[in-house]
Amino acid sequence: MSPVDWKRIFRLDFSRHHLKQSLDDELTHHLEGRIEEFRASGMSPDEARLEANRRFGDLEGIQAECHDIDSVHLKQRQRREYVRSVIGDIRFTLRNLRRSPAFSLVAVLTLALGIGGTTAIFSIFNGVILRPLPYHEPDRLVVVWESSPQIGYPRLPFSEPDFIDYREQSRTLAQVAGIGFNSYDVLGIGDPQRVQGTQTTPELFGMLGAEPELGRLFIAEDGLPGAEPVALLEYGWWQDELDADPAVVGTSIDLNGRSHTVIGVMPEAFQFPPPITFLGQMLNFEPRIWTAYVIDPEEGVRDQYGMFVIARMADDVTIDQVNVELGSIAARLAAEYPEEKEGVTALVEPVHRHSVEQIRLALWILLGAVAFVLLIACVNVANLLLARAGTRRREIAIRMSVGAGRGRLVRQLLIESMVLAAIGGVLGMVIAVVGAETLTRLNPIDLPAMFQPQLDIRVLVFTVGVTLLTGILFGLTPALQTARSDLNALIREGGRSTEGPGRQRTRQLLVIFETAITLVLLTATGLMIRSFSQLRVTDPGFNPENVLSIGLNLPAQSYPDGPQQLAFYTSIAERFRAVAGVEEVAVATARPFSFDITGNGYRVDGEPPPEPGTGRIAFNRSVSAEYLETFQIPLHAGRFFDETDAPGSEPVVVVNEAFIRQHPGFDGMVGRRITGSDFNAEDPNWLRVVGVVADVHSMTLEEPDDPAVYFPFTQAAGGYAYLLVRTNGDPETLQPTLQQLIWEVDSTLVIDGVGPVTADIRTSLQESRFSTVLFTIFGIMALLLAAIGLYGVVSYSVSQMSREIGIRIAFGAHPTVVLTGILKQGLILAGVGIGFGVAGALATTRFLQSFLIGVSATDLSAFAAAIAVLFAATMLATLIPARRAVRIGYSPASELQL
Amino acid sequence: MGSGNAGRLYGTLELLIMNTLRGVEPMHGLSIAREIENLSSDVLQIEEGALYPALHRLVAQGLIEGEWRMSEKRRRARFYILTKAGEKALQAELGEWLVHTRAVLDVLDVAAIDLKPVGEVSR
């Protein structure tokens with residue numbers, strides 16, 4: 001007989017105990033059989049037994065061996081069975097989902113939104129904070145600052161002599177490099193253009209572990225005074241301008257009038273510097289060129305701070321150890337140069353932490369916000385599942401009655417959740433990837449360069465983790481509910497699909513929960529919106545409308561000093577004024593939102609000399625007389641500059657209100673003398689204050705102005721200056737005309753940075769705008785989801801009660817009463833949710849405080865607005881099913897059909 | 001000992017067991033032992049206990065299957081049959097064994113061996 005497929009009859013559920021028992025039986029059978037044989041052939045019972053045992057062998061050993069084989073086999077089979085049953089469950093789930101497309105679609109989309117949004121934010125988080133800097137052992141790199149807290153500057157760049165000393169004396173810092181940021185007029189590469197560049201001492205590249213793509217890097221000799229100037233090109237620039245021509249190495253280019261030899265090209269992957277913050281601003285800088293920082297030990301001024309320093313810590317050294325050593329070097333220097341160095345110390349910070357410090361908190365908050373959205377999504381899906389579980393009670397009851405264990409059912413429900421989560425997760429990832437690509441490509445909301453999403457393996461792992469967590473989160477509630485179902489009750493109920501009060505209660509609680517979270521999120525959104533709009537309308541202290549700024553850098557050969565520079569700018573300004581549409585023209589070496597900052601310590605005549613190291617710093621701005629009118633800055637006292645302030649006359653200055661606050665104790669500043677130099681000299685350079693102007697936001701809209709001293713351009717001209725043109729229409733339309741005028745005077749001039757001042761102000765709002773927009777998006781998503789959630793619950797209870805409603809109305813109850821009843825239910829749910837939400841918001845919005853400008857974290861109008869919006873949405877969500885109920889009311893017969 | 005394919009070691013015992021089960025009614029361990037004895041005219045005397053680890057191993061490998069039934073003696077016993085996989089494996093293994101044996105015989109030049117009667121085989 002051919003072998004039959006016995007698998008059907010074969011029941012594979014041996015337990016361990018069974019195994020042993022069966023084995024015993026089998027072996028016993030064999031032995032007894034043999035014994036009988038021997039007895040039949042004439043042996044005595046005892047002899048037979050002995051012979052049988054002898055022929056059999058080591059009974060115990062054989063039992064043990066067989067048992068081992070069986071146990072291993074059993075485990076294998078059990079594992080295989082388990083996997084097979086899980087796969088079966090997954091297939092069953094997929095079939096089920098296909099049979100209820102509406103439910104599946106809603107659930108999957110909800111999840112996709114939640115997971116996708118979270119992944120998108122995380123990818124930004126990943127790109128900004130988690131991604132290590134592209135250098136060799138980046139966590140050993142530190143930024144080194146000088147520090148003088150007494151004068152209000154806990155972080156200062158280095159002065160050149162200090163740099164030399166620290167570099168030489170530090171043992172804890174293995175390599176120390178100094179960098180400076182510059183703009184260069186470039187002749188010899190493409191059209192004459194102005195680019196940003198970095199000066200660096202030769203240690204930098206070795207410290208970062210960088211190798212050149214072509215040519216060589218800087219060596220120590222390149223940094224010595226009198227060395228041949230050399231330059232390195234940035235990869236992208238080299239590709240664009242020179243078509244990646246390798247012959248560029250060895251050629252000469254002209255940088256700011258000096259000839260430099262190109263010694264190499266940096267690789268594409270090389271990215272330096274990472275963003276550095278200074279004075280609260282991020283210096284977003286993309287150098288096209290690197291030049292050698294030449295330090296002349298003879299020439300440095302010890303208290304002129306301008307050099308940024310990056311270093312690599314020695315092996316096995318901690319940051320604290322470095323700080324301690326730097327402190328002792330600082331003390332030595334203070335002892336040697338008490339005037340300049342008293343009270344000045346130095347400190348280090350890890351490069352990476354430092355560069356992302358400002359946005360770290362912002363990103364965490366954004367992540368929190370989107371996590372809220374995800375939570376709400378989970379609640380919604382959980383509610384959907386609970387509703388669905390209600391209609392599947394019969395199926396569950398049948399399955400339980402044919403032996404499916406409770407555990408098995410719970411497992412099946414969890415698998416269902418996991419499958420939903422998985423589909424939602426994949427869809428969400430797609431949304432996130434597409435969204436991220438679109439965002440970076442189009443940049444519709446003016447995304448700051450820092451916030452580049454980075455999609456890599458970490459994001460994938462994160463998404464998978466979030467998906468799993470999500471699945472468990474929303475799957476647990478329905479699964480547990482089912483596990484607790486009473487089997488008998490289920491079977492007795494038969495086909496009626498009324499819901500037990502317990503299930504409905506759970507759904508209501510969940511809706512209250514998600515309403516509360518939504519309110520918290522909406523409140524945060526409201527606060528952000530208020531703060532941002534406040535920021536946007538913050539009076540900058542001047543009128544930036546219709547002012548065009550044109551930056552020029554006069555090359556030193558043609559315009560070697562003050563008189564030539566002044567002559568040039570004066571003549572250009574005259575020409576500009578002749579153009580139709582130009583109302584006023586000013587010249588200035590610094591303008592608001594330009595980040596050109598130079599400063600000095602100043603002393604007022606009559607003030608005691610400051611303690612060494614505690615000079616009061618104010619920023620220097622050299623501006624022409626028309627500056628005030630061009631920017632319409634209010635004059636508070638005295639006068640502004642005029643034609644009496646000529647190169648030969650008494651040096652005058654105008655100060656701002658912040659300066660006055662910085663030097664208290666004087667009754668009026670006009671007429672007094674101040675000096676910015678030589679605190680202890682016998683006859684310092686006195687400057688006469690002739691006026692006081694209002695403070696102006698010069699760097700950000702968030703922060704007020706620093707103390708400033710305005711110099712007349714006629715007395716303090718410079719080669720690098722801005723032409724500020726107030727026009728009576730759109731300033732950009734005059735741009736070509738004005739540029740042409742400049743080139744008519746000198747066609748070799750490179751014009752750098754043309755644009756309306758309002759554009760710069762707008763740029764400064766980038767980060768705020770970004771956060772606000774994201775919050776708004778999240779708020780809207782949350783609102784929608786919460787409204788849908790509430791709608792679901794109310795709608796379901798309406799359909800549950802439809803029969804009851806029909807009866808009531810048939811018996812004379814007025815439909816309005818029914819409507820009110822349902823509205824009341826929705827109201828209570830929403831109300832309780834909002835109540836908890838307000839409490840939650842009060843507790844959590846304090847974490848936003850650092851981002852809120854001019855708005856308190858408990859701002860009433862934001863709270864009120866959030867409550868109103870949410871209330872309106874929830875009322876709408878309740879009204880729709882309520883109206884349905886009323887329609888039942890007008891035709892109760894349809895519901896009474898039995 | 002023959003070497004099997006895919007790393008499975010088929011001892012001669014396993015081979016004999018599978019072959020015994022081929023194309024017949026299900027048999028329990030004792031019957032299998034008796035059958036092997038009979039067919040080999042008692043030349044092959046196996047330690048009977050060794051049969052059972054072999055049987056269980058074959059079950060674990062999916063080459064035979066066992067089922068509990070009542071034996072002719074009205075006792076509970078485990079009856080074995082050859083599975084489809086077992087059939088295939090047996091074919092393959094037998095084929096190989098035969099090839100191998102023929103080769104050995106060729107080398108030894110059977111005709112030249114003086115076959116003594118059973119019982120006097122010298123080692």
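Just so you know, these numbers come straight off a predicted model, no measurement behind them.

Asker: Explain the overall build of chain A to me, please; I cannot follow it from the model alone.
Answerer: Helix and strand counts for chain A stand at 24 helices and 24 strands. Surface exposure of chain A reaches about 41,400 Å², of which carbon and sulfur atoms provide 57%.

Asker: Even after reading the chapter, I still don't get the packing of aromatic side chains, so can you show me in this structure?
Answerer: To describe a pair of aromatic rings, you give the distance between the ring centres and the angle between the ring planes. One pass over the structure, following the stated rule, counts 20 aromatic pairs over all chains. An angle of 25 degrees between the planes, with centres 6.1 Å apart, marks the rings of A:F122 and A:F125 as stacked. Residue A:F122 and its partner A:F125 are located together in helix α4 (residues 101-130), separated by three residues, close to a single helical turn. This pair shows no difference in class: A:F122 is buried, exactly as A:F125 is. Measuring from ring centre to ring centre gives 5.3 Å for A:F568 and A:Y569, while their planes differ by 75 degrees; the resulting arrangement is edge-to-face. Take A:Y569: its relative accessible area is 1%, and that puts it in the buried class. In textbook terms, an aromatic cluster arises when at least three aromatic residues are bridged by ring pairs, as seen for A:F542, A:Y627, A:F631, A:F640, A:F641 and A:Y710. Just above the ring of B:F79 sits the side chain of B:R69; from NZ or CZ to the centre is 5.6 Å.

Asker: What am I meant to see in the side chain of A:H697 here?
Answerer: Residue and element names in this part refer to chain A. Checked against the element boundaries, H697 lands in the loop between β21 (687-693) and β22 (708-712). Judged by its relative accessible area of 13%, H697 is buried. If we skip the residues at most four places from it in the chain, H697 touches T538, D539, P540, F542, P592, F593, E702, E703 and P704.

Asker: What exactly am I supposed to notice about the interface of chain A and chain B here?
Answerer: When the parts of a complex come together, some accessible area is lost, and that lost area is often used as the size of the interface. Chain A puts 29 residues into the contact, and the matching count from chain B is 36 residues. Of the roughly 3,000 Å² buried at the junction of chain A and chain B (both faces included), carbon and sulfur atoms supply 56%. Run the count over chain A and chain B and you get seven salt bridges. For the salt bridge of B:E37 with A:R34, the shortest nitrogen-to-oxygen distance reads 2.8 Å. If you look at where chain A meets chain B, you find 13 residue pairs in polar contact (both at pLDDT 80 or more). Secondary-structure elements contributing two or more residues to the side of chain A that touches chain B are α1 (16-40), α2 (45-56) and α3 (59-99) of chain A. When residues in the side of chain A that touches chain B are grouped by element, the largest group, twelve residues, is from α1(A). Taken together, the residues that form the side of chain A that touches chain B break down as 13 nonpolar, six polar and ten charged.

About the cut-offs
Residues numbered from 1 in each chain as written. Chains lettered and ligands numbered in written order. Predicted model: local features only at pLDDT ≥ 70, side-chain atom pairs only at ≥ 80, totals over all residues. Heavy atoms only, no water. Helix = DSSP H or I, 4+ residues; strand = E, 2+ residues; numbered from the N terminus. Areas by Shrake-Rupley, 256 points an atom, 1.4 Å probe, with all protein chains shown as cover. Phe/Tyr/Trp six-rings, centres within 6.5 Å; stacked < 30°, edge-to-face > 60°. Buried < 20%, exposed > 50% of the residue type's maximum accessible area, 1.4 Å probe, protein only. Lys NZ or Arg CZ within 6 Å of the ring centre and 35° of its normal. Contact = heavy atoms within 4.5 Å. Buried area = accessible area lost by both parts, 1.4 Å probe. Salt bridge = Lys/Arg side-chain N within 4 Å of Asp/Glu carboxyl O. Polar contact = N/O pair within 3.5 Å; in protein donor to acceptor, adjacent residues only side chain to side chain. Nonpolar A, V, L, I, M, F, W, Y, C, P; charged D, E, K, R; others polar.

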